[in-house]
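Residue-level structural notes
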Amino acid sequence: MTATPQAVIAAALRRERSRAGLSLTEVANRAGIAKSTLSQLESGSGNPSLETLWALCVALDMPFSRLLDPPRPTVQVIRAGEGPVVAAERSDYRATLLAAGPPNTRRDMFRITAEPGHARESDPHSPGVVEHVLLASGRALIGPTDAPAELRPGDYISYPGDAPHVFEALEPGTWATFVIEYT
């Protein structure tokens, strides 16, 4: 039987907070969220937004993929429409974890799906983070908030993830492969 995404995230948050030797209060303060919200997430009763999870990863100095901690078989196939998905709070933007970096690397790979309407504006991640996006379908403005680039299918961009950045779908059915490098 497979655990729910909330249960996996709850276990990961407890594990990482314990690893860091931090209290609920300290992690909540660092992430800019209520202590009660963190408590609910750690108990598996919360339904976190992408923004909340990113803030917690920054507060705990951990890669985002560690929250979902998927099994790593020798051969892994994730079909379109499958995999652990986390949605943004204020935009039609979803991130599906495809591959978590093994312990000796610091990178994660995601499939991003987005629809026009509201841009996904991201706060800075941990220092030294670099994001890579290869647009597969649609059209989007992607990159630093103050100077995003318009990408079309097959276009690639990399930019500092430790500064404010944006992903704004300009056409329905926009999706991309997204890689985060942690230093």
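See the structure shown above.
We now turn to the structure provided with this report. Treat the numbers as computed from the prediction; the structure is a model and nothing was measured.

Digging into the overall build of the chain
The helix and strand inventory of the chain stands at four helices and ten strands. Its helices and strands in sequence order give the chain the pattern α-α-α-α-β-β-β-β-β-β-β-β-β-β, from N to C terminus. Whereas a compact globule of 183 residues would reach a radius of gyration of roughly 16 Å, the chain reaches 16 Å, a difference of no more than 12%. Its C-alpha atoms give the chain principal-axis dimensions of roughly 45 × 40 × 30 Å. The buried share among the 183 residues of the chain stands at 41%. Accessible surface computed for the chain: about 9,300 Å², of which carbon and sulfur atoms make up 52%. Of note, the chain has its 17 positive side-chain charges centred 8 Å away from the centre of its 21 negative side-chain charges.

With respect to helix 1 (residues 5-20)
The end-to-end C-alpha separation of helix 1 is 22 Å, in line with the 22 Å expected for 16 residues at 1.5 Å each. Taken as a whole, helix 1 has its buried residues at I9, A10, A12, L13, E16 and R17. Positive backbone phi, at 65°, marks G21, one or two positions downstream of helix 1.

Here is what the cut-offs are and how they apply
Residues numbered from 1 in each chain as written. Predicted model: local features only at pLDDT ≥ 70, side-chain atom pairs only at ≥ 80, totals over all residues. Heavy atoms only, no water. Helix = DSSP H or I, 4+ residues; strand = E, 2+ residues; numbered from the N terminus. Rg over C-alpha atoms; globule rule 2.2 N^0.38 Å. Buried < 20%, exposed > 50% of the residue type's maximum accessible area, 1.4 Å probe, protein only. Areas by Shrake-Rupley, 256 points an atom, 1.4 Å probe, with all protein chains shown as cover. Lys, Arg positive; Asp, Glu negative; His and termini not counted. Charge placed at Lys NZ, Arg CZ, Asp CG, Glu CD. Expected span 1.5 Å × (residues − 1).

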